[in-house]
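Descriptive analysis of the structure
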Amino acid sequence: MPADLTFDDAVKNAPMVIFAHGFKGFKDWGSHNLVASFFAENGFRFLKFNFSHNGTTADKPTDFADLISFADNTFSIELDDLKAVIDFVCGGSAMRSEPWVHLIGHSMGGAISIIKTAEDRRIKKLVTMASISNFRHLWLPEMETQWRLQGITYMLNTRTGQKMPLKKTLLEDMDKNPARLDVLAMAAQINQPWLIVHGDADPTAPVSCAYELHAAQPNAELVIIPGADHTFGSSHPYLADTLPPHLLEFCKASVIFLNK
């Protein structure tokens, strides 16, 4: 799993933020590098990584060149990936050992981060951005019968035009682990401080997801950004050298929350 760490070496003992990307995402998508720089400029170390089965490769880190791997992905694999990254950061094998980390997750990465925060006390604070509240929000319900019969389905990537395969093992993972992969039930178990941020113009994960998550865990803080879409105004590729306004608003709210 490729990863990169952005930090200001003049800031000693900067707290660590780990970022988990979304479905059909990767660590260098769009404005993610600008987000990393923003957090570094505000006193954090920011580590982002690619999930092991996200479909990118070391040679082509911004292309979905390994659809075989993508097809084999499951949510349990992603939870194992995130645990491995936290173990790496907290273990001290390659950098200063950390007793705890902050976690930020976008979209599907938000749901993965919710489950992991409920499971892992090394996560001090959680921020979710445009998080889904149910993994089945990633596909249409009527797809599942044919998916199980054929053993595979295809998700259109509207940006690249690729038909991205997913095996029925993803559904079987949900069948085998219904309690663990129930995002709302796991949200209710979170004891750490949690900031939920969502845009009310999100066409991918509707703002109702944020209200469902907050209803499951009323102790979480909820921020709704008017007019913000699923990526808070960003896109891939992102050629500007400044953050889009809605994403900047998300970053500022997150820094204030993490500094409390």
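Above this note sits the structure.
Residues numbered from 1 in each chain as written. Predicted model: local features only at pLDDT ≥ 70, side-chain atom pairs only at ≥ 80, totals over all residues. Heavy atoms only, no water.

**A few points about the nonpolar core**
Counting 52 residues, the largest nonpolar core has I18, L47, F75, I114, F135, W139 and W194 as its most contacted members. A per-element tally of this core places helix α3 (residues 75-91) first, with seven residues. Leaving out residues up to four positions away in the same chain, W194 has contacts with I114, L126, T128, A187, L213, Q217, A220, E221 and F257. Ranked by size, the runner-up nonpolar core spans 24 residues in total, among them I225, L243, L247 and C251. (Core = buried A, V, L, I, M, F, W, Y, C linked by side-chain atoms within 4.5 Å. Buried < 20%, exposed > 50% of the residue type's maximum accessible area, 1.4 Å probe, protein only. Helix = DSSP H or I, 4+ residues; strand = E, 2+ residues; numbered from the N terminus. Contact = heavy atoms within 4.5 Å.)

**As for the pattern of salt bridges**
By the definition in use, this model includes 17 salt bridges. The residue E98 makes a salt bridge to R45 at a minimum N-O spacing of 1.9 Å. Within this pair, whereas E98 is found in the loop between α3 and β4 (101-106), its partner R45 is found in strand β3 (residues 45-49), the two being separated by 53 residues in sequence. Both residues of the pair, E98 and R45, count as buried. The closest approach of N and O atoms between E119 and K116, which form a salt bridge, is 3.0 Å. A residue pair is termed a helical-turn pair when its members lie 3 or 4 positions apart in one helix, as E119 and K116 do in helix α4 (residues 108-119) at three residues. According to the relative accessible area criterion, E119 is partly exposed, its value standing at 34%. (Salt bridge = Lys/Arg side-chain N within 4 Å of Asp/Glu carboxyl O.)

**What about the environment of L195?**
Structurally, L195 can be placed in strand β8 (residues 194-199). Residue L195 is classed as buried on the basis of its relative accessible area, which comes to 1%. Sequence separation between L195 and G233 is 38 residues; the distance between their C-alpha atoms is 20 Å.

**Things to note about the packing of aromatic side chains**
Here a ring pair, both rings aromatic, is described through the centre-centre distance and the interplanar angle of the planes. Summed over the entire model, instances satisfying the criterion amount to eleven aromatic pairs. With 3.9 Å between their ring centres and 15° between their planes, F75 and F135 make a pair best called stacked. Residue F75 is found in helix α3, and its partner F135 is found in the loop between β5 (123-129) and α5 (144-150); the two are separated by 60 residues along the sequence. Judged on exposure class, the residue F75 and its partner F135 are both buried. Considering the side-chain rings of F232 and F250, the 5.6 Å spacing of their centres and the 40° angle between planes classify their relative orientation as tilted. Residue F232 is found in the loop between β9 (221-225) and α9 (245-259), and its partner F250 is found in helix α9; the two are separated by 18 residues along the sequence. Look at F232 and you get buried, because its relative accessible area is 0%. (Phe/Tyr/Trp six-rings, centres within 6.5 Å; stacked < 30°, edge-to-face > 60°.)

**Some thoughts on the packing of α3 against α4**
The relative placement of two packed helices comes down to the angle between their axes together with the axis-to-axis distance. At a closest axis distance of 10 Å, the pairing of α3 and α4 adopts a crossing angle of 65°. In this view, α3 runs roughly perpendicular relative to α4, as classed from their interaxial angle. The two elements α3 and α4 cross, and the hand of that crossing is right-handed. Here F75, E78, L79, L82, K83 and I86 of α3 lie close against α4, whose contacting residues are M108, I112, S113, I115 and K116. The residue inventory of the contact of α3 with α4, partitioned by class, reads seven nonpolar, one polar and three charged. (Axes fitted to C-alpha atoms, helices over the stretch in contact; angles between N-to-C directions. Parallel < 35°, antiparallel > 145°, perpendicular 65-115°, else oblique. Left-handed = near helix turned anticlockwise from the far one by under 90°. Nonpolar A, V, L, I, M, F, W, Y, C, P; charged D, E, K, R; others polar.)

**Let's talk about the sheet that holds strand β1 (residues 3-6)**
Strand order across the open sheet formed by seven strands is β1-β3-β2-β4-β5-β8-β9, with mixed pairing between neighbours. In this open sheet, the two strands that pair with only one neighbour each are β1 and β9. Taken pair by pair, the neighbouring strands of this sheet meet at an average axis angle of 20°, ignoring direction. Pairing of strand β2 (residues 16-20) with β3, which is carried by four bridges, proceeds in the parallel orientation. Directly across from F19, in β3, lies its bridge partner K48. (Pairing = 2+ DSSP bridges.)

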